[in-house]
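Structural features, examined
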Amino acid sequence: MDAKAQELKDTFEILPDWEERYGFIIDLGKKLEPLPDSAYGEEHRVRGCMSQVWLIAEDPENQQPVMTFKGDSDAHIVRGLIAILLMIFSGKTAQEIV
């Protein structure tokens, strides 16, 4: 487990109940960078979600294989879950992600 994932795990373990954890997840979502308007198209929409979810993958400065992910949702808790995924997977190579 990498440092970011361990930090998240440790944080969840010290939060006393589901309400605190829920609030923590929502707070993480509030810290997401806004997506550009162009990211809200069908090509970036995650299908099958009850909430609207958009996810984009970027290859910063064409430095393959490191990937950067960005995302957004119209639901607060889902935005927080996206933030958790981005913390864990963004900035890693495809091999590290697998």
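To be clear, the structure that these remarks concern was listed above.
Judged by pairing direction, the sheet is antiparallel, and its 3 strands sit side by side in the order β1-β2-β3 without closing on themselves. Looking at the sheet topology across the chains shown, the edges are occupied by β1 (53–58) and β3 (92–93). With 2 bridges connecting them, strand β2 (residues 66–73) and β3 associate as antiparallel partners. Note that in β3 the partner of M67 across the bridge is K92. Contacting β1, β2 and β3, helix α3 (residues 76–89) runs over the sheet at an angle of about 175° to β2.

Attention now moves to the packing of helix α1 (residues 3–14) against helix α2 (residues 18–30). Interaxial distance between α1 and α2 falls to 9 Å at its minimum, and their mutual angle equals 140°. Overall, the two elements α1 and α2 adopt an arrangement that is oblique. Crossing angle aside, the handedness with which α1 passes α2 is right-handed. When α1 is examined against α2, the residues L8, T11, F12 and E13 are found in contact with a partner set consisting of R21, F24, I25 and L28. Class assignment of the residues belonging to the contact of α1 with α2 gives a composition of 5 nonpolar, 1 polar and 2 charged.

What follows deals with the packing of aromatic side chains. Applying the stated criterion across every chain, the model contains 3 aromatic pairs. With a centroid separation of 5.4 Å and 90° between ring planes, the pair formed by F12 and F24 is classed as edge-to-face. Note that F12 is positioned in helix α1 and F24 in helix α2, a separation of 12 residues in sequence. For the pair W18 and Y22, a centre-to-centre distance of 6.4 Å together with 75° between the ring planes defines the contact as edge-to-face. Here W18 pairs with Y22, and both are found in helix α2, just 4 residues apart, close to one helical turn. You can call W18 exposed: its relative accessible area is 60%.

Definitions and cut-offs
- Residues numbered from 1 in each chain as written.
- Predicted model: local features only at pLDDT ≥ 70, side-chain atom pairs only at ≥ 80, totals over all residues.
- Heavy atoms only, no water.
- Pairing = 2+ DSSP bridges.
- Helix = DSSP H or I, 4+ residues; strand = E, 2+ residues; numbered from the N terminus.
- Contact = heavy atoms within 4.5 Å.
- Axes fitted to C-alpha atoms, helices over the stretch in contact; angles between N-to-C directions.
- Parallel < 35°, antiparallel > 145°, perpendicular 65-115°, else oblique.
- Left-handed = near helix turned anticlockwise from the far one by under 90°.
- Nonpolar A, V, L, I, M, F, W, Y, C, P; charged D, E, K, R; others polar.
- Phe/Tyr/Trp six-rings, centres within 6.5 Å; stacked < 30°, edge-to-face > 60°.
- Buried < 20%, exposed > 50% of the residue type's maximum accessible area, 1.4 Å probe, protein only.

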